[in-house]
Every structure is written in C-alpha cells, then in structure tokens.
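Residues per chain, in single letters:
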Protein chains: 2
Amino acid sequence: MARILITSGPTRQYLDPVRYLTNASSGRMGCALAEAILAAGHQPVVVSGPVEIDYPAQAEVVSVVTTEEMLDASRELFAECDGMIGVAAPCDYRPVEFAEHKIAKNGQTWHLPLVETPDVLAALGADKKPSQWLVAFALETQNGHERAMGKLRRKNANWIVLNGPEAICEQRTCLEVLDGEGAVLARLEGTKRETARALFELIETRLLQANGSDVDRVEV
Amino acid sequence: MARILITSGPTRQYLDPVRYLTNASSGRMGCALAEAILAAGHQPVVVSGPVEIDYPAQAEVVSVVTTEEMLDASRELFAECDGMIGVAAPCDYRPVEFAEHKIAKNGQTWHLPLVETPDVLAALGADKKPSQWLVAFALETQNGHERAMGKLRRKNANWIVLNGPEAICEQRTCLEVLDGEGAVLARLEGTKRETARALFELIETRLLQANGSDVDRVEV
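Overview of the structure. (Residues numbered from 1 in each chain as written. Chains lettered and ligands numbered in written order. Predicted model: local features only at pLDDT ≥ 70, side-chain atom pairs only at ≥ 80, totals over all residues. Heavy atoms only, no water.)

Attention now moves to the overall build of chain A. Secondary structure assignment for chain A yields 5 helices and 12 strands. Overall, chain A is about 60 × 35 × 35 Å in size when its C-alpha atoms are taken along their principal axes. Relative to its full complement of 220 residues, chain A shows a buried share of 55%. Pairs at least 24 residues apart make up 64% of the contacts formed inside chain A by residues separated by at least 6 positions. (Helix = DSSP H or I, 4+ residues; strand = E, 2+ residues; numbered from the N terminus. Buried < 20%, exposed > 50% of the residue type's maximum accessible area, 1.4 Å probe, protein only. Contact = heavy atoms within 4.5 Å.)

Here you go:
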C-alpha cells in the first residue's frame, strides 16, 4: 500500500480579520482523487484549505487556511509518502501587512501591496527523493501548454495536468496529462470522479509501479 | 402575507479570472432567516452571493456574484417588498482593473489599487418608502456599538444587528439588536436557527405589524 499526498482546495490570505484573497477551488478534484486512491487500495493523505465538501472518512486529512500552513503541513507529510498530487490552488499572493482590526472604509483608493506566497509544489519538488514522484496541476487561461511546461520544470514535477478555468467548481472537467518532455499522455473528460479515477490509473501504472511502491499493494 | 427581502452570503470581486477578494460569510444566517420567515407564513425573497448551502425550496432566490450585481437585483426586488433584512457581507472593495487573463507571477510586489464598491444597504435605505423597514447587520471587531450606530444612520436602517467576527461561518452566534436610538432591544444567543427565529419574531411584532403588513398574514 502506497501513501499518497494530495494538496487540495484553495487557501486564504487575509487582509484583516474579515477580508481575504482566494480563488474558487472547491476541493472536489482532491476529494475524487482521494476516493480513487482508496479504491485502488492505497492511503490518501490530504492537506486541504477551507472547503465545504467532506473528504472520504478513511483519508487522513489535515486542514489548513494559508499557503504557508499548506506548505508546512505538506512538507512534513511528503517525507513519509511515495508520491504526491498537487491539485490545490494555493493563493499565490498575500498582503504585505495583516491588519489586526477590520479596516474601515474611508472613501479613498486603497493601495494594497501584495507579495508572492511560497510556491508549495516547487518547495516539495526540491525536497523530492529519487524514489518519489510528483504530479502537478496547472490552471491556465492562455498559452496552456507552454506555461504548464514552465511550471513542471519549476516544480520538478514528473507530470503536469492541465485544465482551464472552467474546471474550478464545475462538476465536469477536461484534463490533459503532460509528461516531462511535454508529450500528451492522456486527454481525460468526464465528471471529476471519472477523470480522477482515470488519472490515478495512469499514475499507478506509470509512476507508482515504476517506482516499486506497489510491492505491498492491497487489492480491494 | 408579507414579502421580505434578505440579502445573504458574501460577494466576490475578481482581480482576474481566478483570484478574488471576499469574506467567509456562509449564507447560513440568511438561510435561517428565510426559514423563520416561511415558518411565520410570510414570503422570503433571497438575493445571495456564492454559497454552498441550500436555501429553503419555497424561498425565491436570486444568485449573484459581485456587490454591483447584488445591488441591482436587490433594488429591483425591494420595491415590491414590505421590508428587508441585510445579512449579506458584500465585498466592499474591488480592484480598479480586472485582468482578462490570469496574472502571472513575476517575483515582484503587486501594487493593487482597490476602490470601494457601492454600499448595497445605503442605496436601498435611500430608496426606502415610509411603509418599508430595513434591518441591517454589522460585523465589527472593535467599538461595536459606535460603529454599528454610524452604519444604521448611513443605511437609513430601522434597526441594526451587531455581531462579532466569530459569527462568520460558525454554527452558534450571539446578536445584539439596536434600534434607531441605540437602545438594545434584545440580546439573542444560540444556533443561527434559534437566533434567526427570535430576531424575526421581534421584527414581526415591532416592525411588520407596526407597518400593517400583516393584514393578510397566513397562519401556518
């Protein structure tokens, strides 16, 4: 049985106790991947930002709010995992300052300086041991392949899964799986559950078994 | 039977197709108020930002994303309602510019200019006819009473309901109901369902019946 880390959902970067920057990631693909991993007899370990969905009861789930928390939790857990799938959409900017009390409106333009948050997958990719694998997701609204391959390299990922912005929060999805050379390994279309299952089958055959992690795989 | 408008949930103000500014309003208090209104034999009309909860099937529900959309929908519906409860937490700042494509990270500080969005309740309060009433909610992290009374005046509200930031997304809540003179009409504590029921009983006795809207009230 392999242990597989999934980062899932959005993260939030608060400006003050009420307002925050985020995105519409629902955690549904992370949940569908956890189900596919369980169905294949492996152990999913989910690090998730705030979502309204329920992950499978048999999954290990660590809840976080910010990108920094997601990185800290994932780094610790990845060390004990065979591989990971980064399907979270961590908020990639945070306000330079956090205001302890809710900022009152004053009729003026608010100039908000934002700085980049740490890149969770790039940090985990840098930690990756030769026996481990990493599959990243990329959401792009233009120049999808080119940008996705740039991400694959920066994150030291084995594969990158490309989807469009319509994937966020939708029940149906369309994914393209690219390997390290940019070759399209698969185009998967269907519900998140269907595409998650097909994607994990591919991962199991091509990455997990190739790395020998299936030695004590439990058939269910 | 009275028609009562409820604004509920958060709104979102997008920076680009993926990232947005928002808050953690869940829509649960709006949902609980719609249930209380139905239970009392009246018709709730809900204008809601993006939420994961389901409003009661008998409620009329209009879904919106941005604060501007919430204002437009509410203004049209309020004209045909006896009164309204503003429990939404509309995002009160928006980026000056919306980027059509996802903004790529470049390692630099992002100086994001934000401007205030329209004040939904102040606009509706300005439209309010003498026969109509308006109950606002205020979420404050400091100087609660003073700020709440400032809001009551700016929004031309009959009452303002004060709660702390812990109310957002929590199941239990603690509310203080202030009238136009700042007198505390009630302190309500319990689940959102319990406090919503108690709040609506107070509204029904003191605002709805005072304004004669219960003439054809249907007992259920």
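After presenting the structure, the write-up continues.
The terminal C-alpha atoms of helix 2 (residues 67-78) of chain B lie 16 Å apart, and with 12 residues this matches the ideal 16 Å at 1.5 Å per residue to within 8%. The complete set of buried residues in helix 2 of chain B reads Thr67, Met70, Leu71, Ala73, Ser74, Leu77 and Phe78 of chain B. (Expected span 1.5 Å × (residues − 1).)

Now for the relation of the copies chain B and chain A. Structural alignment of chain B on chain A gives an RMSD of 0.0 Å, achieved by rotating through 180° and translating 0.0 Å along the axis. On this basis, the relationship between the two copies can be described by a two-fold rotation axis. Both copies share a contact surface, since 100% of the interface residues of chain B are interface residues in chain A too. (Least-squares fit on C-alpha atoms with pLDDT ≥ 70 in both.)

This part is about the sheet that holds strand 2 (residues 13-14) of chain B. Taken in spatial order, the 4 strands line up as 2(A)-3(A)-3(B)-2(B) in an open sheet, and their pairing is antiparallel. Every other strand in the sheet has two partners, leaving strand 2 (13-14) of chain A together with strand 2 of chain B as the edge strands with one partner each. (Pairing = 2+ DSSP bridges.)

With 38 residues of chain B at the contact, the number on the chain A side is 38 residues. Interface area, chain B with chain A, both sides summed: about 3,500 Å², of which 54% is carbon and sulfur. At the boundary of chain B with chain A, the tally comes to 4 salt bridges. With a closest N to O distance of 3.5 Å, Arg28 of chain B and Glu52 of chain A form a salt bridge. Between the two partners, chain B and chain A, sit 17 residue pairs in polar contact (both at pLDDT 80 or more). (Buried area = accessible area lost by both parts, 1.4 Å probe. Salt bridge = Lys/Arg side-chain N within 4 Å of Asp/Glu carboxyl O. Polar contact = N/O pair within 3.5 Å; in protein donor to acceptor, adjacent residues only side chain to side chain.)

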